[in-house]
Amino acid sequence: MPIFDEELKKLKETILKMGALVESAIRDSIRSLVDRENELAKALIERDHQINAFDVEIDEECIRLIALRQPMAGDLRFITTAMKITTDLERMGDLAVNIAERAIELNEEPILKPYIDIPKMSQIAQGMTRDSLDAFVRRDKKLAMDVIMRDDEVDDLKLEVLRELLFFMVQDPTTTSRAMKISFVAQYLERIADHATNIAEMVIYLVEGKIIRHMALPEK
Amino acid sequence: MSVNNSENLKSEVKALNFYYGDVHALKGINIPVFDKKITALIGPSGCGKTTLLRCFNRMHDLYPNNRYEGEILLHPDNINIVGKSIDPIEIRMRISMVFQKPNPFPKSIYENVAYGLRVRGINKKRFLDEKVEASLKGAALWHEVKDRLYESAFNLSGGQQQRLCIARALATDPEILLFDEPTSALDPISTAKIEELMMSVKEQLTIIIVTHNMQQAARISDWTGFMMLGELIEFDRTSKIFTAPHEKLTEDYITGRFG
């Protein structure tokens, strides 16, 4: 295999490693909330620096490849896409940390209500994250479109959660502090799904050379 | 491929076939050449890009058994460059070529530039002086040679000689300038000067360049054609060719994954 292909393969693997870390951070953040496990939350907050280190490493590698290999066409799109994807992944890691922080705070108070929609949101967001990266490494446009479509489900669930929490707060103002924190968690998950959507949109660019951000999607 | 209203055609290659005796070197080529733009032709060795370039000023006429079919229209008068009734000398007045290796004549710097005009019977000193100065300025060489115009052109460096050849080509006010790998024998600084020069002269005329250096095509051209085995595989805006080419063959070639 030519050196450059070797390097691109390695870059791909590094992104997948970073993606795996982010995915587990999201999973653990929600588990720490639902199972009220502070240790899990603390551990993932500790681990966030690994995700940040990957972000820097991947950016540096992409810059090196642009300077030394002068990539064109598909290679150029791959490398620029990689640079943008790591930014999204890094933010997703930060949001998982935010969820863990809210979880630690919430775990100190009695449970407001059993978590139902939040784990559901988390499931979808994790699936979107995994699939957007799969679509990236396989250059799979169909899977990327599928991820983009799933974003609406997360948005709908978030509205559902917020409506429900508002009801609690109106009924009993002493729940406000907890309800606010849970609503933050719902917002964070929704943003994680947005970042996965960004990655999927970049995959479309990677495959087709067409930037579809800020465009209306075809009707479902 | 979308074209703006401001992009006028200077020339059009239509269903062009070219034969070196029995060898079918160009196969049904169609390319638009836009006015006051730089068109780059890229492709592996033997793909026909230089053969195509040489059709534009009838260089192939120098050898017997070479045969053109089809048309290269030259606008605005719409003549067919490769038509049998067209005088190649007339064409070469309007379409000049700069070669890979600088090829100054064994004459003074001044006479090199004045040559094309003298051939046309222009000998008035004042007119020649003005034209030589303007052409050397146009080729960004004037300041380096203005005090040694009557020295031999061979005293110049390689990069200066190449700019002298460009000045010589500019002196006859051509409509199209053809470049056949004009910088492959030059260092990066001379290369940058020639490229800058191309960018400035394209305000007055149309340029077609054959280059093996893909970064060069990417840096200076507005349109790029990719050729292989005598065929045009893809023609599009340079930015499109180098970021998202349509054809897999183009992609493989420009990303260095050929064959």
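The rules behind the values
Residues numbered from 1 in each chain as written. Chains lettered and ligands numbered in written order. Predicted model: local features only at pLDDT ≥ 70, side-chain atom pairs only at ≥ 80, totals over all residues. Helix = DSSP H or I, 4+ residues; strand = E, 2+ residues; numbered from the N terminus. Rg over C-alpha atoms; globule rule 2.2 N^0.38 Å. Buried ≥ 20, exposed ≤ 12 C-beta atoms within 10 Å, placed from the backbone. Expected span 1.5 Å × (residues − 1). Arc of directions from axis to C-beta. Contact = placed C-beta atoms within 7 Å. Axes fitted to C-alpha atoms, helices over the stretch in contact; angles between N-to-C directions. Parallel < 35°, antiparallel > 145°, perpendicular 65-115°, else oblique. Left-handed = near helix turned anticlockwise from the far one by under 90°. Nonpolar A, V, L, I, M, F, W, Y, C, P; charged D, E, K, R; others polar. Pairing = 2+ DSSP bridges.

Caption draft 1: Representation of the overall build of chain B in the model. Summing up its helical and strand segments, chain B has 10 helices and 10 strands in all. For 259 residues, the compact-globule formula gives about 18 Å, and the C-alpha radius of gyration of chain B, at 18 Å, lands near that figure. Principal axes of the C-alpha set define a box for chain B whose edges measure 55 × 40 × 40 Å. The buried share of chain B, taken over its 259 residues, is 41%.

Caption draft 2: Just helix α4 (residues 125-138) of chain B, in detail. Residue and element names in this part refer to chain B. The end-to-end C-alpha distance of α4, which contains 14 residues, comes to 20 Å, matching closely the 20 Å that a straight helix rising 1.5 Å per residue would cover. Of all the residues in α4, the buried ones are Lys131, Val132, Ser135 and Leu136. Down the axis of α4, the sector holding all buried residues measures 125 degrees, keeping them to one side. Along α4, the residues that are exposed and aim more than 90 degrees away from the buried face are Arg126, Phe127 and Glu130. Those residues of α4 that are buried are in contact with α3 (109-119), α5 (142-145) and α6 (158-171). Once α4 ends, the next one or two residues include alanine 140, with phi positive near 55 degrees.

Caption draft 3: Quick look at the packing of α3(B) against α4(B). All names here are of chain B. Taken N-terminus to C-terminus, the directions of α3 and α4 make an angle of 110 degrees; their axes are 9 Å apart at the nearest point. As judged from the angle between their axes, α3 and α4 are roughly perpendicular. Relative to α4, the crossing made by α3 is right-handed. Between α3, through Tyr110, Val113, Ala114 and Leu117, and α4, the contact on the second element is made entirely by Leu128, Lys131, Val132, Ser135 and Leu136.

Caption draft 4: Local environment of the interface of chain B and chain A. Across the boundary between the two partners, chain B contributes nine residues, which contact eight residues of chain A. Looking at the side of chain B that touches chain A, the elements that each hand over two or more residues are α8 (214-220), α9 (238-243) and α10 (248-254) of chain B. Class assignment of the residues belonging to the side of chain B that touches chain A gives a composition of five nonpolar, three polar and one charged.

Caption draft 5: Seen up close, the sheet that holds strand β2 (residues 23-34) of chain B. All names here are of chain B. The strand order β2-β1-β4-β5 describes an open sheet built from four strands, whose pairing is antiparallel. Either end of the sheet is taken by a strand with one partner, and the two such strands are β2 and β5 (79-80). Sheet topology note: the strand β1 (residues 9-20)/strand β4 (residues 66-74) ladder contains eight bridges and is antiparallel. Each residue of the ladder has a partner; that of asparagine 17, found in β4, is glutamate 69.

Caption draft 6: Examining the pairing of β2(B) more closely. Residue and element names in this part refer to chain B. In this sheet, β2 lies alongside β1 in antiparallel orientation, the contact comprising eight bridges. Note on β2: the bridge partner recorded for leucine 16 is isoleucine 29. In this structure, the hairpin formed by β1 and β2 is closed by a connection of two residues, where glycine 21 is found at a positive phi of approximately 60 degrees.

Caption draft 7: Here's a closer look at the pairing of strand β6 (residues 95-98) of chain B. Residue and element names in this part refer to chain B. Taking every second residue as pointing to the same face, both faces of β6 are buried, with Ile95 and Met97 on one and Ser96 and Val98 on the other. Here β6 runs beside strand β7 (residues 176-180); their pairing, made up of four bridges, is parallel. Directly across from methionine 97, in β7, lies its bridge partner leucine 178.

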